[in-house]
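# Per-entry structural report
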Amino acid sequence: MKGRVIAGILCVFLSFAVSLAGFLYVRMSCGELERACSSALAADTDEETFAACESLLKKWETRRDLFGALLKHTDVDELTRAFLLLETALENRDAGAARVILANTGALIRVIFFGERPDFENIF
Amino acid sequence: MLTSFIRTVLLLFFVILCLRLMGKRQIGQLQPSELVVTILLSQIAATPMQDNDIPMLNTVVSILALAGVEILLSALSMKSGTVRMLVDGSPIEVIADGKIDQNALKRLRYTIDDLLEGLRQKDIFDISQVQSAVAETNGGLSVQLKAGEQPLSVSQFGKDAAEPGVPAVLVKDGKPDQAALKSAGLDLDTLQKLLKRENAAVEQVFLLTLDATGKTFLVRKESLK
């Protein structure tokens, strides 16, 4: 009986810890990606924009797998699509298209994070 | 498709592990809170098996939380009668001193048909034989017959009866059960001697039991078509 109770407490604690850790990671990563989008958008020259976009793409690559485990796959697919479009714009050296994609991607990241927050709207 | 297969297998084993942890009883014996948890568990586990969009971690977290809370609620119910009453309810006597309590039936939303069906499931076809009947919290009906209707027992004849004991299952499907042999105080040699008396080898035996009086029951394997 005592063992079962301990197992029960561990289950509750583990599920809470994992969900909290996941939420904090998503919050931190979404914040970093959004800030990277904003600073790329605020760049003065096209070259600075391209450099900032490359840095953003590297950040995305390091986070993609965990995002896949933590977020809905449709959300991750949308983000993947947005970053692939950004990559294409970079390859074509199209700063204008890159800026539009950056603005959309930043908004997408914000929306995805809003959907993950444990607030009144999401709980109910 | 392969993702669905892998998810299904993983979630199946995970759910079995959680159910073992919760110590589930048979469906007919579940309390209301346990029934709710069992149904919820199956629903939570089934959805990501079919919908690859949902991260598996969400499912694992939900199942762990459900299992954990259910275990703690069960433990609390064991310690506190108030919690037990709040979560599982209380048994209600529907027949007392041979009289049907119609108010109790109304409270339970039991019709007379439900009551008669519950009695028939207890092999009681005549309600007049019932002294007392209690609707349990798991939905079952416990019945006490009137003194004159109860089956006679050995002690009522003033006799002593030897305790029957539980027969030990020594061989199952051609394999000896070491734990059962040990608890019956036997070893493999004794088993071989027992089987030699029956002209059988261990591999040929489907079932062999031994009761407290030393009587064996043997079923040989049939050749399957």
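Structural data are supplied above this passage.
Let us look at the structure shown here.

Cut-offs and rules
- Residues numbered from 1 in each chain as written.
- Chains lettered and ligands numbered in written order.
- Predicted model: local features only at pLDDT ≥ 70, side-chain atom pairs only at ≥ 80, totals over all residues.
- Heavy atoms only, no water.
- Axes fitted to C-alpha atoms, helices over the stretch in contact; angles between N-to-C directions.
- Helix = DSSP H or I, 4+ residues; strand = E, 2+ residues; numbered from the N terminus.
- Parallel < 35°, antiparallel > 145°, perpendicular 65-115°, else oblique.
- Left-handed = near helix turned anticlockwise from the far one by under 90°.
- Contact = heavy atoms within 4.5 Å.
- Nonpolar A, V, L, I, M, F, W, Y, C, P; charged D, E, K, R; others polar.
- Buried < 20%, exposed > 50% of the residue type's maximum accessible area, 1.4 Å probe, protein only.
- Salt bridge = Lys/Arg side-chain N within 4 Å of Asp/Glu carboxyl O.
- Polar contact = N/O pair within 3.5 Å; in protein donor to acceptor, adjacent residues only side chain to side chain.
- Expected span 1.5 Å × (residues − 1).
- Buried area = accessible area lost by both parts, 1.4 Å probe.
- Pairing = 2+ DSSP bridges.

## A short note on the packing of helix H1 (residues 2–41) of chain A against helix H2 (residues 46–70) of chain A
Residues and elements named next belong to chain A. Closest axis-to-axis distance for the H1/H2 pair is 9 Å, and the angle between their directions is 165 degrees. Taken together, the axes of H1 and H2 are roughly antiparallel relative to one another. For the element pair H1 and H2, the recorded crossing hand is left-handed. Of the residues in H2, those in contact with Gly22, Tyr25, Val26, Ser29, Cys30, Glu32, Leu33, Ala36, Cys37 and Ala40 of H1 are Thr49, Ala52, Cys53, Leu56, Lys59, Trp60, Thr62, Arg63, Leu66, Phe67 and Leu70. Among the residues forming the contact of H1 with H2, the class breakdown is 14 nonpolar, four polar and three charged.

## Some thoughts on unusual backbone geometry
All names here are of chain B. The phi angle at Arg109 is positive, at roughly 55 degrees, despite the residue not being glycine. Within the fold, Arg109 resides in the loop between helix H5 (102–108) and helix H6 (112–120). Given a relative accessible area of 74%, Arg109 falls into the exposed group. Look at Asp173: it is not a glycine, yet its phi comes out positive at around 50 degrees. Summarising the element assignment, Asp173 is placed in the loop between strand S5 (168–172) and strand S6 (175–176). The class for Asp173 is partly exposed, based on a relative accessible area of 43%.

## Structural notes on the pattern of salt bridges
Residue and element names in this part refer to chain A. A full pass over the atoms with the stated rule returns eight salt bridges over all chains. Put simply, Arg64 and Glu61 hold a salt bridge, and the shortest N to O gap is 3.7 Å. Placement of the pair is Arg64 and Glu61 together in helix H2, with a separation of three residues, close to one helical turn. The exposure class of Glu61 is partly exposed, given its relative accessible area of 44%. Here Arg117 ties to Asp119 by a salt bridge, and the two come within 3.1 Å at their closest N and O atoms. We classify Arg117 as partly exposed; its relative accessible area is 32%.

## A few points about the environment of B:Asp51
Residue and element names in this part refer to chain B. You can see Asp51 is positioned in the loop between helix H2 (32–50) and helix H3 (56–79). The sequence separation of Asp51 and Leu141 amounts to 90 residues, and the corresponding C-alpha distance is 41 Å. One polar contact links the side chain of Asp51 to the main-chain amide nitrogen of Asp53, over a distance of 3.0 Å.

## Describing helix H4 (residues 95–116) of chain A
All names here are of chain A. Compared with the 32 Å implied by 1.5 Å per residue over 22 residues, the 31 Å span of H4 between its first and last C-alpha is a close match. Along H4, the positions that sit buried rather than exposed are Ala95, Ala98, Ile101, Leu102, Thr105, Gly106, Leu108, Ile109, Ile112 and Phe113. Tucked into the core, H4 has its buried residues touching H1, H2 and helix H3 (73–91). Capping the start of H4, Asp94 holds a side-chain oxygen 3.4 Å from the backbone nitrogen of Gly96, two or three residues further along.

## Section: the interface of chain B and chain A
In this complex, chain B contributes 20 residues to the contact, which on the side of chain A involves 18 residues. Between chain B and chain A, a total of about 1,500 Å² is buried, with carbon and sulfur atoms accounting for 74% of that surface. Linking chain B with chain A are zero salt bridges. Our enumeration of links across chain B and chain A arrives at five residue pairs in polar contact (both at pLDDT 80 or more). Those elements that provide at least two residues to the side of chain B that touches chain A are helix H1 (2–22) and H3 of chain B. Tallying contributions element by element places H3(B) first for the side of chain B that touches chain A, with 11 residues. Residue composition of the side of chain B that touches chain A, grouped by class: 13 nonpolar, four polar and three charged.

## A short note on the sheet that holds strand S8 (residues 216–220) of chain B
All names here are of chain B. An order of S6-S5-S7-S8 is seen for the four strands of this open sheet, with the pairing classed as antiparallel. A single partner strand is all that each edge strand has here, and the edge strands are S6 and S8. Sheet topology places S5 next to strand S7 (residues 205–210); four bridges connect them, and they run antiparallel. Its bridge partner being in S7, Val171 is matched across the sheet by Leu208.

## Focus: the sheet that holds strand S2 (residues 99–100) of chain B
Residues and elements named next belong to chain B. Strand order in the open sheet formed by four strands is S2-S1-S3-S4, and the pairing between neighbours is antiparallel. Across the chains shown, the open sheet's two edge strands, defined by having one partner strand only, are S2 and strand S4 (141–145). With three bridges connecting them, strand S1 (residues 92–96) and strand S3 (residues 130–135) associate as antiparallel partners. Directly across from Glu93, in S3, lies its bridge partner Val134. Of the strands in this sheet, S1, S2, S3 and S4 touch H6, which is tilted by about 70 degrees from S4.

## Some words on the pairing of S7(B)
Residue and element names in this part refer to chain B. Bridge count for S7 against S8 is five bridges, and the pairing is antiparallel. Bridge pairing in S8 places Leu208 opposite Leu218. In this antiparallel pair of consecutive strands, S7 and S8, the connection spans five residues, and Gly214 shows a positive phi of 90 degrees.

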